[in-house]
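Listed here are the chains, written in short residue letters.
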Amino acid sequence: MRRGSIPGSSGQVRPMRLLGDRGLGTSCAEVTEFGPELTRLVEDMFATMYAANGVGLAANQIGVGLRVFVYDCPDDEDVRHVGHIVNPRLVETGGITVRGPEGCLSLPGLEAGTERFDEAVVEGVTVDGAPVHVRGTGFFARCLQHECDHLEGGLYTDRLTGLRRWRTLRAARRAPWAGRTELLRTTAS
């Protein structure tokens, strides 16, 4: 991506994978090839995330099993964080544990109180292979942890227990998209 360009402005909206898609439950592979295809993937991910009104998106949510995620997310002080991370590693979590509302583009319309650390640090590289170190607090820390979970094959529902988990999964079974594993492009844009 060119420096200063609007992320996703040249991207294509791709179909979103939904709860039940096997790719969402599979750990993603490390990116080993850097070049135009990876740049295109990141652009498409931004376009897809924006079309779905999200704050983060992992590659497996659009059917690509690679360790990449994008974000455009505020922290609790309303500071906007925009970027992408290739081969991210959650290297540090800390602060207090906060139960807050959490949703997911792969479970549209649903959210549940989910416990996350209030601070998170993720390291990886950019599409150009340059090292990146991202520190987040509050809601942005939640986003970073959420996207890293996706790349390990996890969803926020995996962190829920008891009645909270049961209610969320019941709502997913009753959702209009239940039984589908892919949300068509036309519904995301």
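The rules behind the values
- Residues numbered from 1 in each chain as written.
- Predicted model: local features only at pLDDT ≥ 70, side-chain atom pairs only at ≥ 80, totals over all residues.
- Heavy atoms only, no water.
- Salt bridge = Lys/Arg side-chain N within 4 Å of Asp/Glu carboxyl O.
- Helix = DSSP H or I, 4+ residues; strand = E, 2+ residues; numbered from the N terminus.
- Phe/Tyr/Trp six-rings, centres within 6.5 Å; stacked < 30°, edge-to-face > 60°.
- Buried < 20%, exposed > 50% of the residue type's maximum accessible area, 1.4 Å probe, protein only.
- Pairing = 2+ DSSP bridges.
- Contact = heavy atoms within 4.5 Å.
- Axes fitted to C-alpha atoms, helices over the stretch in contact; angles between N-to-C directions.
- Expected span 1.5 Å × (residues − 1).

### Focus on the pattern of salt bridges
Side chains carrying opposite charge are able to pair once their charged atoms draw close together. One pass over the structure, following the stated rule, counts 13 salt bridges. Note that Asp-44 is salt-bridged to Arg-14, the shortest N-O span being 2.9 Å. One end of the pair, Asp-44, is in helix α1 (residues 36–51); the other, Arg-14, is in the segment before β1 (16–17), and 30 residues separate them in sequence. One salt-bridge network, held together by shared partners, links Glu-102, Arg-116, Arg-142, Asp-149 and Arg-159.

### Digging into the packing of aromatic side chains
Under the defined criterion, the tally for this structure stands at three aromatic pairs. Considering the side-chain rings of Phe-69 and Tyr-71, the 6.2 Å spacing of their centres and the 55° angle between planes classify their relative orientation as tilted.

### A word on the pairing of strand β6 (residues 131–137)
Of the two faces of β6, the one holding Val-132, Val-134 and Gly-136 is buried and the one holding Pro-131, His-133, Arg-135 and Thr-137 is not buried anywhere. Joining the antiparallel neighbours strand β5 (residues 111–125) and β6 is a turn of five residues, in which Gly-129 adopts a positive phi near 85°.

### Quick notes on the environment of Leu-160
Locating Leu-160 in the fold gives a position in the loop between α2 (138–151) and α3 (162–174). Leu-160 gets classed as buried once you look at its relative accessible area, which sits at 4%. Spatially, the C-alpha atoms of Leu-160 and Leu-18 are 18 Å apart, while their sequence positions differ by 142 residues. Those residues in contact with Leu-160 that lie beyond four places of it in its chain are Ala-112, Gly-113, Thr-114, Arg-165 and Thr-168.

### So, the sheet that holds β5
Spatially, five strands are ordered β2-β3-β4-β5-β6 in an open sheet, and the strand pairing comes out antiparallel. In this open sheet, the two strands that pair with only one neighbour each are β2 (56–58) and β6. Ignoring strand direction, the axes of neighbouring strands in this sheet form an average angle of 30°. Relative to strand β3 (residues 68–74), α1 is tilted by about 40°, and along the sheet it contacts β2, β3 and β4 (80–103). The strands that α2 touches are β2, β3, β4, β5 and β6; relative to β5, the one it contacts most, it runs at about 80°.

### Thoughts on α1
With 16 residues, α1 should cover 22 Å at 1.5 Å per step; its first-to-last C-alpha distance of 22 Å lies within 8% of that length. What α1 keeps buried is the set Leu-38, Leu-41, Val-42, Glu-43, Asp-44, Met-45, Phe-46, Ala-47, Thr-48 and Met-49.

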